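Results of the structural survey
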Number of protein chains: 2
Amino acid sequence: MKIGLLIIATEVLEGKITDLNTRFLALFLKKHHLELFSALTVRDDQAEIKKALVLLLDSCDFVITSGGLGPTKDDLTKEVLGQYLNQTSVYSEVAHQVAEENYKKYDRPYPGKDHVYSFLPKGVTPLSNSTGLAPGLFTQIHDKSILCVPGVPREFKSMLEDHISPWLNKNHKSQILFENMVFRTKRVPEEKIFGELDPELWNELTKFGEVSSLPGMMGVDIGIKLRARDDKELAIKKAHLLTVMENSPIKPHIWHQGEERLEEVIVKLANQKKITFGFAESCTGGLCSHRITNISGSSHSFLGSVISYDNSVKMKSLEVSAELISIKGVISAEVAEAMAKGLVAKLDTDIGVSITGIAGPHGGTPELPVGTVCIAAHFKNGKTNSYKHRFFGDRETLKERFAQAALILLHEALEEIAGS
Amino acid sequence: MKIGLLIIATEVLEGKITDLNTRFLALFLKKHHLELFSALTVRDDQAEIKKALVLLLDSCDFVITSGGLGPTKDDLTKEVLGQYLNQTSVYSEVAHQVAEENYKKYDRPYPGKDHVYSFLPKGVTPLSNSTGLAPGLFTQIHDKSILCVPGVPREFKSMLEDHISPWLNKNHKSQILFENMVFRTKRVPEEKIFGELDPELWNELTKFGEVSSLPGMMGVDIGIKLRARDDKELAIKKAHLLTVMENSPIKPHIWHQGEERLEEVIVKLANQKKITFGFAESCTGGLCSHRITNISGSSHSFLGSVISYDNSVKMKSLEVSAELISIKGVISAEVAEAMAKGLVAKLDTDIGVSITGIAGPHGGTPELPVGTVCIAAHFKNGKTNSYKHRFFGDRETLKERFAQAALILLHEALEEIAGS
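Before going into details, it helps to say that this report is about the structure given with it. Source: prediction; values computed, not measured.

Conventions and cut-offs
Residues numbered from 1 in each chain as written. Chains lettered and ligands numbered in written order. Predicted model: local features only at pLDDT ≥ 70, side-chain atom pairs only at ≥ 80, totals over all residues. Heavy atoms only, no water. Least-squares fit on C-alpha atoms with pLDDT ≥ 70 in both. Phe/Tyr/Trp six-rings, centres within 6.5 Å; stacked < 30°, edge-to-face > 60°. Helix = DSSP H or I, 4+ residues; strand = E, 2+ residues; numbered from the N terminus. Buried < 20%, exposed > 50% of the residue type's maximum accessible area, 1.4 Å probe, protein only. Lys NZ or Arg CZ within 6 Å of the ring centre and 35° of its normal. Axes fitted to C-alpha atoms, helices over the stretch in contact; angles between N-to-C directions. Parallel < 35°, antiparallel > 145°, perpendicular 65-115°, else oblique. Left-handed = near helix turned anticlockwise from the far one by under 90°. Contact = heavy atoms within 4.5 Å. Nonpolar A, V, L, I, M, F, W, Y, C, P; charged D, E, K, R; others polar. Pairing = 2+ DSSP bridges. Core = buried A, V, L, I, M, F, W, Y, C linked by side-chain atoms within 4.5 Å. Expected span 1.5 Å × (residues − 1). Bend = angle between axes of the 7 residues up to and from the residue. Buried area = accessible area lost by both parts, 1.4 Å probe. Salt bridge = Lys/Arg side-chain N within 4 Å of Asp/Glu carboxyl O. Polar contact = N/O pair within 3.5 Å; in protein donor to acceptor, adjacent residues only side chain to side chain.

**Remarks on the relation of the copies chain B and chain A**
Of the transformation superimposing chain B on chain A, the axial component is 0.0 Å and the angular component is 180 degrees, with the fit at an RMSD of 0.1 Å. In short, the pair behaves as if placed about a two-fold rotation axis.

**Topic: the packing of aromatic side chains**
Given two aromatic rings, their pairing is described by the distance between the two centres and the angle made by the two planes. Under the criterion given, the structure shown has 27 aromatic pairs over all chains. Pairing F62 of chain A with F138 of chain A gives two aromatic rings, centres 6.5 Å apart and planes at 75 degrees, and the pair type is edge-to-face. Taken together, the residues F62 of chain A in strand 3 (residues 62-66) and F138 of chain A in strand 7 (residues 136-141) connect sequence positions 76 residues apart. On the accessibility criterion, F62 of chain A (1% relative accessible area) is buried. Each residue in the set F277, F279 and F302 of chain A together with Y309 of chain B is aromatic and connected to the rest through ring pairs, giving one cluster. Geometry around Y387 of chain A places R187 of chain A over its ring, the cationic atom sitting 5.3 Å from the centre.

**Some details on the packing of helix 10 (residues 262-273) of chain B against helix 15 (residues 395-419) of chain B**
Residues and elements named next belong to chain B. For the pair helix 10 and helix 15, the least separation of the axes is 10 Å and the interaxial angle reads 25 degrees. Classified by the angle between their axes, helix 10 and helix 15 sit roughly parallel to one another. For the pair helix 10 and helix 15, the crossing hand works out as left-handed. For the pair helix 10 and helix 15, contact is made by L262, E263, V265, I266, L269, A270 and K273 and by Q404, L407, I408, L410, H411, L414, E415 and A418, respectively. For the contact of helix 10 with helix 15, the residue count by class is ten nonpolar, two polar and three charged.

**Considerations on the pairing of strand 1 (residues 3-8) of chain B**
Residue and element names in this part refer to chain B. Strand 1 sits mainly inside the fold: six of its six residues count as buried. Residues of strand 1 alternate between two faces, with I3, L5 and I7 on one and G4, L6 and I8 on the opposite face, all of them buried. Here strand 1 runs beside strand 2 (residues 36-42); their pairing, made up of six bridges, is parallel. Across the sheet, residue I3 finds its bridge partner in strand 2, namely L36. Taken together, the five bridges between strand 1 and strand 3 (residues 62-66) define a ladder with parallel strand orientation.

**Digging into the nonpolar core**
In this structure, F279 of chain A together with F279 of chain B are the most contacted members of the largest nonpolar core, which totals 78 residues. Beyond its immediate chain neighbours, meaning those up to four positions away, F279 of chain A contacts C288, S289, I292, F302, G304, S305, V306, L343, V353, I355, L407 and L410 of chain A. In terms of nonpolar packing, the next biggest core, distinct from the first, is built from 60 residues, I49, A95 and Y117 of chain A together with A95 of chain B among them.

**Quick look at the environment of S321 of chain B**
All names here are of chain B. With respect to the helices and strands, S321 occurs in the loop between helix 12 (311-318) and helix 13 (322-328). Residue classification places S321 among the partly exposed residues on the basis of a relative accessible area of 37%. C-alpha separation for the pair S321 and N311, spaced ten residues apart in sequence, amounts to 9.9 Å.

**Points about the sheet that holds strand 10 (residues 209-215) of chain A**
Residue and element names in this part refer to chain A. An order of 10-11-9-12 is seen for the four strands of this open sheet, with the pairing classed as antiparallel. Edge strands, defined here as strands with exactly one partner in the open sheet, are strand 10 and strand 12 (254-257). When strand polarity is set aside, the average angle formed by the axes of neighbouring strands in this sheet is 20 degrees. Pairing of strand 9 (residues 177-185) with strand 12, which is carried by three bridges, proceeds in the antiparallel orientation. Bridging across to strand 12, R184 finds its partner in H256.

**Side note on helix 6 (residues 153-171) of chain A**
Residue and element names in this part refer to chain A. For helix 6, spanning 19 residues, the distance from its first C-alpha to its last is 25 Å, which sits close to the expected 27 Å at 1.5 Å a residue. For helix 6, the principal kink sits at I164 and spans about 40 degrees; a proline, P166, occurs within the next four residues. Taken together, the buried positions of helix 6 are occupied by R154, E155, F156, S158, M159, L160, H163, I164, S165, W167 and L168.

**Digging into the interface of chain B and chain A**
Opposite the 93 residues of chain B that make contact, chain A presents 93 residues. Summing both sides of the interface, chain B and chain A together bury roughly 7300 Å²; the carbon and sulfur share of this comes to 52%. When residues of chain B are sorted by the area they lose upon contact with chain A, K16, E191 and Y309 of chain B head the list and together hold 8% of the total. Across the chain B-chain A interface, the total number found is eight salt bridges. Salt-bridge contacts for K157 of chain A lead to D394 of chain B; the nearest nitrogen and oxygen are separated by 2.9 Å. On the surface where chain B and chain A come into contact, there are 40 residue pairs in polar contact (both at pLDDT 80 or more). When residues of the side of chain B that touches chain A are assigned to their parent elements, the largest contribution, seven residues, is made by strand 2 of chain B. In this sheet, strand 2 of chain B lies alongside strand 2 (residues 36-42) of chain A in antiparallel orientation, the contact comprising three bridges.

Distances and angles like these do not, on their own, reveal function.
See the structure below:
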């Protein structure tokens, strides 16, 4: 089954928001052993929406539209769907009831029978919305299915989970098993992996399935899509692939096998080994802590952090001495180490990771250009690992790279304790 | 000039990453008084890329492709461009030099004349890459322009800025001035604005230009796209529109006029009035501080924060008493107020904003369901404002909503001081 996504959102094409629904849909389909074939974003314009719908229905069996279902006049999806089906919207008792239920859940009175949500083109089924007010729409025509859901990510998600999961479970039984194996590397550029380190690797991996190479912030994610007819074949292929990777010269650069985010891997390992940690963040301004606390269960090992943006906070809350800052400079291995030590002392964590650097765009000097960062991990037992890095990018990119480097150092520190 | 974006990225359609280039391109074009017409995402598949390129070139004058320019075998953009132009790739001295320069900047040796970057279809110009290794490509055919740039957001950005800004300045002179006026509201649902509060507003605004309504985390952004032939006409329209909004019953809900992010508005106001602030973050886990420190210049007013995720940190670093936590519960107005006060005392800020709540998915109770949050703003002079909210959503959505509510409270606190 080929599935296409039509994003109806002038606000995305004007840069007011970033589309998050494509990613959610892709991951949702993966759970159902399905793939997203393509995604098209158009403006809130009737003619453009209709053209795009026709186009996607031409190459896909199932088209999901996102957005344009609200009550204001720039919401055009239902109108276009009616045009496509050659049906005008008429009052529908079912639609009226669905909308009324959506409102009831928020203790809000439904505006009444004249409201746009009570009207529907013939042949279209209204779908209840468990996280918002606008009903979704579903219809089938000439062996094709069309699903229209609101663009608000929360509503987009719950609509798919509430209505499409059961539908797919009933209507789509996959013949082929597939599993995406991902090997995540660190501290090595893409070209070196497939060039100098292991020139035969790409061809070798291709024997297992489609290969992809995704350069990330501190390394490359190598993906191989395994396909098999049954569990046994899949298990054999998987074991064989693991042996290939085990024997590759790139092995020392692989820090994880799987699709979990670095912060998930960290929280899992720390919780398993009952190791507590926290951050002393300067230039990352809370990003490390934010990423960790995105993970459910992080409260078992992440105790807290000090965001010591201003030097006064480094001194007051982390007991970094003014003298050290003035002698060594605030962006130095010594200050990073003092911050990490201060954090462990203040919060009583097993590991403290500190970050001090310059995210710019202003304030760089020839000796300490924008992009310089010092990172330290201090262990309660007294040991400290620290690194100095230089990255490139704008302010937000640099914050991301600094945070990624700090999380990698934390992961290494956790592995060091876990392995000892 | 109609501009289309073709994103070549299996990783986006598989949900491994979120596309950020659409948003950047949209904002980039806006600066040049241009609009992004549509955006299409396809897999790294030759036939699909070619089909998509033909399709976009059919409706657009200028097509920008993102991705597929790297050195690995899943990088197919150059090959498809060659097919489209009916040209095979041949060794090009210019391409070789451009690639060599890209490498030199990172102190890395260029792999040599056999390297894929030294080959190019005839009629294609290679473009230097100031933030990466892969060269970009540019060509013109039948009055249409095609630009191919790497998909890594940093490289995507710098390519546009380095090569397309000057090209647009030379080749595109806008006849029409336009300005997008945005009025940002808070604490009011979309339907209430255009229903109960001001039913005539939408029609009234339409007289000025295209109207859009974008519901956000704590309110609705109303956008009106003004068009004019010259500065004078634009100024008159603008003044007239401002009067309309000034007299609308929705006026008290407007917290800002403009497209700046809330964190930009906060940093600007705090810097202007020389007011310092910080956060005591529990359930938001650093997100408030992260958003503020994304803004260049935030170091003038944001001193730092304490991420008191664990209760031990609330007690140790914010001096919240164990007794208060046990009597009132950790998610209570009283604990939020104590956290905010503790922060002001510890970091010596003018304002301290605290957040304590439950982001879930586990740990909710009937009395304190997932989504409950208490937020307080404490002023150094002794006053404290606090609120209790209930939001809906998954863990990451809730963190975002909590942070947005906290930043709105901070903004109100800043306005209170600034206005006094």
